[in-house]
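# What the coordinates show
Each chain, written out:
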Amino acid sequence: MRHLIDPLDLSVQEIDKLLDLADDIAGNPKRYSQVCSGKKLATLFYEPSTRTRLSFESAMLNMGGSVLGFSSANSSSAAKGESVADTIRAVSCYADICAIRHPKEGAPLRASQYSKIPVINAGDGGHQHPTQTLTDLMTIRVKKHRLDHLTIGLCGDLKFGRTVHSLITALSRYEGVRFVLISPEELRVPDYIIDNVLKAKNIPFEEVENIEDVISQLDILYMTRVQKERFFNEEDYIRLKDSYILTMDKMQNAKPDMAVLHPLPRVNEIALEVDDDPRAAYFDQVQNGVYVRMALMMTLLEVEHA
Amino acid sequence: MLNIDSLNKGIVLDHIRAGSSMKIYDLLGLSQMDCCVAVIKNAKSNKLGKKDIIKIEGTTDIDLDVLGFIDHNITVNIIDNGQIIEKKQLYLPKTLTNVIKCKNPRCITSIEEEINHVFRLTEDGTQRYRCIYCEQEYQDK
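Since the model is a prediction, treat every value here as computed from it, not as a measurement. (Residues numbered from 1 in each chain as written. Chains lettered and ligands numbered in written order. Predicted model: local features only at pLDDT ≥ 70, side-chain atom pairs only at ≥ 80, totals over all residues. Heavy atoms only, no water.)

## Points about the pattern of salt bridges
How we decide: What makes a salt bridge here is a side-chain nitrogen of Lys or Arg within 4 Å of a carboxyl oxygen of Asp or Glu, nothing more. Secondary structure elements are taken from DSSP: a helix is a run of H or I of four residues or more, a strand is a run of E of two residues or more, and numbering for both begins at the N terminus. Classification of residues uses two cut-offs on accessible area relative to the type maximum, computed with a 1.4 Å probe and protein chains only: under 20% is buried, over 50% is exposed, and between them is partly exposed.
Across all of its chains, the model carries 23 salt bridges over all chains by this definition. Ionic pairing is found between Arg141(A) and Asp23(A), a salt bridge with its closest N-O pair at 2.7 Å. Pair noted here: Arg141(A) is in helix H5 (residues 130-144) and Asp23(A) is in helix H1 (residues 12-27), with a separation of 118 residues, a long-range link. Residue Arg141(A) is classed as buried on the basis of its relative accessible area, which comes to 18%. With a relative accessible area of 32%, Asp23(A) lands in the partly exposed category. It is possible to trace a salt-bridge network through shared partners that takes in Asp191(A), Asp195(A), Arg128(B), Arg130(B) and Glu137(B).

What follows is the structure, given as structure tokens:
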């Protein structure tokens, strides 16, 4: 039995295979409409989410399976003080696979230690979000036709942005990748990513504070939201929340084939005028997220391909 | 000159960095052991200038991983019949379970009951440990 807790739980070859399957699902969704018939997905969301939970549920429904679960800690036994370990032991009896989102970092790993069914990390605090990464990788591959030899700019909250940590970790395995990390000093990438991933693998990166200075170099610009829920101190949030806003004015200096990604939801970090630019790929990501989660659940459930 | 009797059976931890013996005393849980323990601080040392020594009488069963984590240069002498019968080599352990605690308030270990606090040695050769759950580095502060 396999889980997906960390982006590195899948090898580069497995990711390629999974993205190939996701591409095929995108091209022939009807062929996959019953591949998970009789299977149940449990969505254990201890933290609010619109996109990720609905994306998982939509993915399972698209394959003929069914879904059950909860969408906030208040509506689960966590409100009564139940541990993650106990909850997952119970859920293992009700479902065939589960997706867990939790505000505490490492909760999905904890769940996987006690689970009898595959566990998918659907986001743990400011730590990792590997299915968003698969979505990002699929979108980058569709837009650029490769995952290697790219200059990727990541902009905004790089400290608490779990999608950023997962994406850097996953892309670090591809040749010729270079990162430009654009953030205020207080929201820089945590040292465990710098030390364990970038420096450990000798991957070129630079940390800058000004998007205008670097936007012309980028093949991919990955924007993120400054997340209010990750701050213990409201004052810090208010001071930093408008640090970076992408406008058409700034986009003028970008490459004509640069792709702008964002894990969504956005607040104001991408001006609405950018939505109509052909380089805006963030709504493509949402659709790709469903296909890639279908491919992932098929893989972890070891169901036969159509 | 302070005299402490030599052991007939037990362990002598020698060449402890001066000042760290009480930390070792705590982490090894020596206060809970029902045996005679001598902690010698600031003894003269040709090698270190000053050193601490701990002598534990009657038992040879201690957690060498804990010692390796604190200082892998400590000399561990196993004593039987008043003689050193073995010198143990210490290594930095690959993992530490329930020796140190994760201090990250965002980590699952901050709320989950009965969870082991597990740290793994980083692979970059910098002798640092990270929580397996949140990956935050352990800092002894």
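## Some details on the UniProt feature "binding site: carbamoyl phosphate" (unreviewed entry) in chain A
Residue and element names in this part refer to chain A. We count it as follows: UniProt positions are given in the numbering used here, feature names are shortened, and annotations may be inferred rather than shown by experiment. Contacts are residue-level and defined by heavy atoms, with any inter-residue pair within 4.5 Å sufficient.
According to UniProt, the positions carrying the feature "binding site: carbamoyl phosphate" (unreviewed entry) are Arg-51, Thr-52, Arg-101, His-129, Gln-132, Leu-264 and Pro-265. Tracing the sequence through the fold places Arg-101 in strand S3 (residues 97-102). Position of Gln-132 relative to the elements: it lies in helix H5. Once residues lying within four places of it in the same chain are set aside, the contact partners of Gln-132 are Thr-163, Tyr-222, Pro-263, Gln-285 and Arg-293.

## So, the sheet that holds strand S5 (residues 151-155) of chain A
Residue and element names in this part refer to chain A. Going by this rule: By definition, two strands form a pair when at least two bridges between them are found by DSSP. Note on geometry: axes are C-alpha line fits, over the in-contact stretch for helices, and angles between N-to-C directions span 0 to 180 degrees.
With parallel pairing, the five strands of this open sheet are ordered in space as S7-S6-S5-S8-S9. In this open sheet, the two strands that pair with only one neighbour each are strand S7 (205-208) and strand S9 (259-261). Each strand axis lies, on average, 15° off the axis of its neighbour in the sheet, ignoring direction. Sheet analysis places strand S6 (residues 178-182) next to S7, joined by four bridges and oriented parallel. Of the residues in S7, the one forming a bridge with Phe-179 is Phe-205.

## Considering the domain arrangement of chain A
All names here are of chain A. What counts here: Domain delimitation follows an automatic or database domain assignment. Accessible-area loss on putting two parts together, using a 1.4 Å probe and summing over both, is the definition of buried area adopted here. Side-chain classes are defined by residue name, with Ala, Val, Leu, Ile, Met, Phe, Trp, Tyr, Cys and Pro counting as nonpolar, Asp, Glu, Lys and Arg as charged, and the others, Gly among them, as polar.
We note that the domain assignment places domain 1 (7-128 + 288-301) and domain 2 (130-285) within chain A. The gap between the C-alpha centroids of domain 1 and domain 2 is 24 Å. Each partner contributes to the interface: domain 1 provides 31 residues, whereas domain 2 provides 27 residues. Regarding the contact of domain 1 and domain 2, the summed buried area is about 2,500 Å², with carbon and sulfur atoms giving 56% of it. Put simply, the parts of the chain that give the side of domain 1 that touches domain 2 at least two residues each are H1, helix H2 (51-62), strand S4 (119-124) and helix H10 (282-301). By residue number, the principal contributor to the side of domain 1 that touches domain 2 is H1, which donates nine residues. Class assignment for the residues of the side of domain 1 that touches domain 2 results in 14 nonpolar, nine polar and eight charged.

## Some details on the sheet that holds S4(A)
Residue and element names in this part refer to chain A. One open sheet holds the four strands; their spatial order is S2-S1-S3-S4, and the pairing between them is parallel. In this open sheet, the two edge strands, each paired with only one partner strand, are strand S2 (66-70) and S4. In this sheet, adjacent strand axes meet at a mean angle of 15° when their direction is disregarded. Across the sheet, helix H4 (residues 107-114) touches S3 and S4, and the angle it forms with S4 is around 160°.

## Points about the side chain of Thr151(A)
Here Thr151(A) is to be found in strand S5. Not counting residues within four places of it along the chain, the set of residues in contact with Thr151(A) comprises Arg178(A), Val180(A), Gln217(A), Leu218(A), Asp219(A) and Ile220(A).

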